[in-house]
Amino acid sequence: MVAIIGAVVVATVFPARGSADDVLDWVVKIGIGLLFFLYGTRLHPHDALTGLTHWRLHLTILVFTFVVFPLLGLALWPILPHLVGDELAAGVLFLCLVPSTVQSSINFTSIAHGNVAGAIVSASASNLLGVFLTPMLVVLLMNTSGDVTFSASSVLTIVLQLLVPFIAGQLLQPLIGSRIAAHRALTKFYDRAIIVLVVYAAFSEGVRQGIWGQVVWWQVVILVVLATAMVAFMLWLTGTGSKRLGFDRADSIAIQFCGTKKSLTTGLPMAAVLFDSHEVGLIVLPLMIFHQVQLMICTWLASRYSRQDFI
């Protein structure tokens, strides 16, 4: 979080201009492609196939991620523009459409003594399917508000920048997967570095477009309150829903921590591809706030579950 705030501050004071902006644009594109390539190398195809046998668990998590969350965003849509303005409202809707986190979903499930194997497969599947589903949902749900335009070139950009690198990573996983796994600290650093770079690029463009003249402090406060309410509601819904569907404690924990979170690591690069550069800064702000809120709440909840024998 400190690095992200630092990127916002630096972009505000020293935004990239001229040729530096062009270079930054290419660096971000290449960096995002490599990021999804690394995603592909981390998920062993055998693990994915083995984990898919617990299809009810994975289907439930995917429904919460790509059906219930978007419905929540649509339910809030009529009032969001009045609360935070049009572009931030679009950002709230966008955060409802991105995939779940991978690393934190697995970590929290492990801390809470949940189904870790199920969390690994579900979180990974969420990000893989998100390459297809998030752009589709953006087109279906956000085109009506005029916030995004989609064309054949947009589809090609997504395929080349996100899907092709991921598939390449999957194909090369048997050859280099173990080597990549042996340098987890380095890949983790790279994940965070790309987030910081995308944030800097987005807010750098936003500064040139006058982003801070469009946001006031009370809008940020509303976004924090809204993010807290959304996380709390989804945690309650996934917890209650998983019990009624007959899942045991371990599976219910996995459903809660995989089905309630949204990935900043995946969402920011997708936003950079899907939206015009001058819109990205405001659109990703709700996702950045939501990400930090979900980590704080889920950290507390996972610690609480680790001390309990029941939910």
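Because the structure is a prediction, the values reported are computed rather than measured. (Residues numbered from 1 in each chain as written. Predicted model: local features only at pLDDT ≥ 70, side-chain atom pairs only at ≥ 80, totals over all residues. Heavy atoms only, no water.)

Caption draft 1: Structural context of the nonpolar core. Phe-94, Met-142, Met-230, Phe-257 and Phe-275 are the most contacted members of the largest nonpolar core, which has 81 residues in total. Sort the elements by how many residues they give to this core and helix H14 (residues 277–306) lands first, with 14 residues. Residues contacting Met-230, with those up to four places away along its chain left out, are Phe-69, Leu-72, Leu-76, Val-92, Leu-95, Cys-96 and Phe-290. (Core = buried A, V, L, I, M, F, W, Y, C linked by side-chain atoms within 4.5 Å. Buried < 20%, exposed > 50% of the residue type's maximum accessible area, 1.4 Å probe, protein only. Helix = DSSP H or I, 4+ residues; strand = E, 2+ residues; numbered from the N terminus. Contact = heavy atoms within 4.5 Å.)

Caption draft 2: Seen up close, the packing of helix H8 (residues 116–142) against helix H13 (residues 264–274). Where H8 contacts H13, the axes come no closer than 11 Å and their chain directions differ by 40°. On the basis of their axis angle, the class for H8 and H13 is oblique. Remark: the crossing between H8 and H13 carries right-handed chirality. Across the interface between the two elements, Asn-127, Gly-130, Val-131, Thr-134, Pro-135 and Val-138 of H8 pack against Thr-266, Met-270 and Leu-274 of H13. (Axes fitted to C-alpha atoms, helices over the stretch in contact; angles between N-to-C directions. Parallel < 35°, antiparallel > 145°, perpendicular 65-115°, else oblique. Left-handed = near helix turned anticlockwise from the far one by under 90°.)

Caption draft 3: Molecular detail of the packing of aromatic side chains. Counted under the stated rule, the structure contains 5 aromatic pairs. The interplanar angle of 35° and the centroid separation of 6.0 Å between the aromatic rings of Phe-233 and Trp-236 together place this pair among those described as tilted. With Phe-233 and Trp-236 both in helix H11 (residues 217–244), this residue pair falls 3 residues apart, about one helical turn. Assessed through its relative accessible area of 37%, Phe-233 is described here as partly exposed. Where Phe-257 meets Tyr-305, the ring centres are 6.2 Å apart and the plane angle is 70°; that geometry is what we call edge-to-face. Within this pair, whereas Phe-257 is found in helix H12 (residues 249–259), its partner Tyr-305 is found in helix H14, the two being separated by 48 residues in sequence. Ring-pair connections join several aromatic residues into one group, and the members of that group are Phe-108, Phe-257 and Tyr-305. Taking NZ or CZ as reference, Arg-56 lies 4.5 Å from the ring centre of Phe-247, over its face. (Phe/Tyr/Trp six-rings, centres within 6.5 Å; stacked < 30°, edge-to-face > 60°. Lys NZ or Arg CZ within 6 Å of the ring centre and 35° of its normal.)

Caption draft 4: Up close: the confidence of the model for the protein. The predicted model of the protein has a mean per-residue pLDDT of 80, with 79% of residues at 70 or higher. Residue range residues 144–149 is modelled with pLDDT below 50. Its contacts to residues more than four positions away, or to other chains, number 14 contacts. (pLDDT = per-residue confidence, 0-100.)

Caption draft 5: Representation of H13 in the model. When you tally the buried positions in H13, you get 10 out of 11 residues, the bulk of the element. Listed in full, the buried residues belonging to H13 are Leu-264, Thr-265, Thr-266, Gly-267, Leu-268, Pro-269, Met-270, Ala-271, Val-273 and Leu-274.

Caption draft 6: Molecular detail of H11. Counted at 1.5 Å a residue, the expected span for H11 with its 28 residues is 40 Å, and the 41 Å between its end C-alpha atoms agrees. Restricting attention to buried positions, one finds in H11 the residues Gln-219, Leu-223, Leu-226, Ala-227, Met-230, Val-231, Met-234, Leu-235, Thr-238, Gly-239, Gly-241 and Ser-242. Of the residues flanking the end of H11, it is Gly-246, one or two places downstream, whose phi is positive at about 90°. (Expected span 1.5 Å × (residues − 1).)

Caption draft 7: Quick look at the packing of helix H4 (residues 55–76) against H8. Interhelical geometry of H4 versus H8 gives an angle of 35° and a closest axis separation of 9 Å. In this structure, H4 meets H8 at a crossing whose hand is right-handed. Between H4 and H8, the residues in contact are Leu-57, His-58, Ile-61, Leu-62, Thr-65, Phe-66, Pro-70 and Leu-74 and Gly-118, Val-121, Ser-122, Ser-126, Leu-129, Gly-130, Leu-133, Thr-134, Leu-137 and Leu-141, respectively. In the contact of H4 with H8, the residues fall into 11 nonpolar, 7 polar and no charged. (Nonpolar A, V, L, I, M, F, W, Y, C, P; charged D, E, K, R; others polar.)

Caption draft 8: Molecular detail of unusual backbone geometry. Backbone geometry places His-113, a non-glycine residue, at a positive phi of 65°. With respect to the helices, strands and loops of the structure, His-113 is situated in the loop between helix H7 (103–111) and H8.

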